[in-house]
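The lines below spell out each chain.
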Amino acid sequence: MPMRNGAFSCLNRQLTAERCDRSESDRHEENKKGIRWMESLNAKETGKHQILVSNTEVTNGEILEEISPPFYEEVINLHNELFPETYLTGADMISGLSEEKRLLIIPDGDQSIQGYVYLEGDRVFQEGNLEFIAVAREHQKKGLGKKLVQAGLTYLYENMNVAEVSLCVNVNNATAINLYKKSGFHEEMKLVSFKVSE
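Chemist: Any chance you could break down the overall build of the protein chain for me, citing the residues and the numbers?
Modeler: In terms of helices and strands, the protein chain carries six helices and eight strands. The secondary structure elements of the protein chain, listed N-terminal to C-terminal, are α-β-α-β-β-α-α-β-β-β-α-β-α-β. Residues counted as buried form 45% of the 198 residues belonging to the protein chain. Taken as a whole, the protein chain presents about 10700 Å² of accessible surface, with 45% of it coming from carbon and sulfur.

Okay, here's the thing in structure tokens:
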């Protein structure tokens with residue numbers, strides 16, 4: 001099975017994050033030698049994730065607003081609330097925005113948001129990633145997750161000319177997995193996450 005950029009990103013994002021914790025690692029679920037090696041290090045299994053991939057060009061998503069300074073604090077707070085132990089803090093996400101790293105929002109007034117999608121695209125390799133999709137708790141169950149996924153896909157296919165989009169999701173997040181599959185994603189592989197005790 002070829003290693004795609006999105007899977008590589010999910011496997012190695014701790015190596016690129018400023019707040020890197022090198023005691024964490026991911027292994028393909030079928031890599032029995034790699035899993036045994038992690039166990040020999042007394043590493044603790046911390047979770048399982050799926051890499052989902054979409055090769056179906058989506059261009060019918062709504063065009064969403066790109067983040068602007070009045071919304072920074074709201075996005076940072078929402079991100080840190082919904083993803084408290086992730087590889088990228090809300091502040092780091094905002095400070096790292098660039099031509100390849102974009103954040104689209106659904107505003108809710110002048111300084112509040114209903115949700116956001118953070119995406120990364122590589123025009124050279126024509127691959128994109130939906131890194132984070134977040135909907136404020138009071139706005140969940142209103143179809144905004146689907147709207148954010150479709151907008152992220154549309155942005156990557158139309159503005160970054162990618163041929164493939166991937167994402168990494170916890171295998172226990174059935175609601176998100178169902179949403180992604182309904183949006184054209186299919187399972188590429190499963191990973192087992194480990195943390196080495198210090």
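Chemist: Could you give an account of the nonpolar core, naming the residues involved and the relevant values?
Modeler: Counting residues in hydrophobic clusters, the biggest one holds 27 residues, and the most contacted among them are L130, L153, V165, Y180 and F185. Examining the composition of this core, we find that eight residues originate from one element, helix α5 (residues 144-159), more than from any other. With residues near it in sequence (within four places) discarded, F185 still touches L52, V53, S54, L130, V149, L153, V165, S166, L167 and Y180. With 15 residues, the next largest nonpolar core counts I67, L103, Y118 and A134 among its residues.

Chemist: An account of the packing of aromatic side chains is requested, with residue identities and associated values reported.
Modeler: Any aromatic ring pair is given by two values, namely how distant the centres are and how the planes are angled relative to each other. Under the criterion given, the structure shown has four aromatic pairs. Chaining the aromatic ring pairs together yields one cluster made of F83, Y87, Y118 and F132.

Chemist: I'd like a description of the environment of E65, backed by residues and values.
Modeler: By the secondary structure assignment, E65 is in strand β3 (residues 65-66). Residue classification places E65 among the partly exposed residues on the basis of a relative accessible area of 36%. Leaving out residues up to four positions away in the same chain, E65 has contacts with F71, L103, L104, I105 and P107.

Chemist: Give me helix α2 (residues 32-40): which residues, what numbers.
Modeler: Looking only at α2, the buried set comprises G34, I35 and M38. All buried residues of α2 project into a common sector of 100° when viewed along the axis, lining one side. In this structure, α2 carries K33 and S40 as exposed residues pointing more than 90 degrees from its buried face. Packed against the buried residues of α2 are β1 (24-28), β2 (43-54) and β8 (186-196). Phi turns positive one or two residues past the end of α2, at N42, with a value near 60°.

Thresholds, definitions, all that
- Residues numbered from 1 in each chain as written.
- Predicted model: local features only at pLDDT ≥ 70, side-chain atom pairs only at ≥ 80, totals over all residues.
- Heavy atoms only, no water.
- Helix = DSSP H or I, 4+ residues; strand = E, 2+ residues; numbered from the N terminus.
- Buried < 20%, exposed > 50% of the residue type's maximum accessible area, 1.4 Å probe, protein only.
- Areas by Shrake-Rupley, 256 points an atom, 1.4 Å probe, with all protein chains shown as cover.
- Core = buried A, V, L, I, M, F, W, Y, C linked by side-chain atoms within 4.5 Å.
- Contact = heavy atoms within 4.5 Å.
- Phe/Tyr/Trp six-rings, centres within 6.5 Å; stacked < 30°, edge-to-face > 60°.
- Arc of directions from axis to C-beta.

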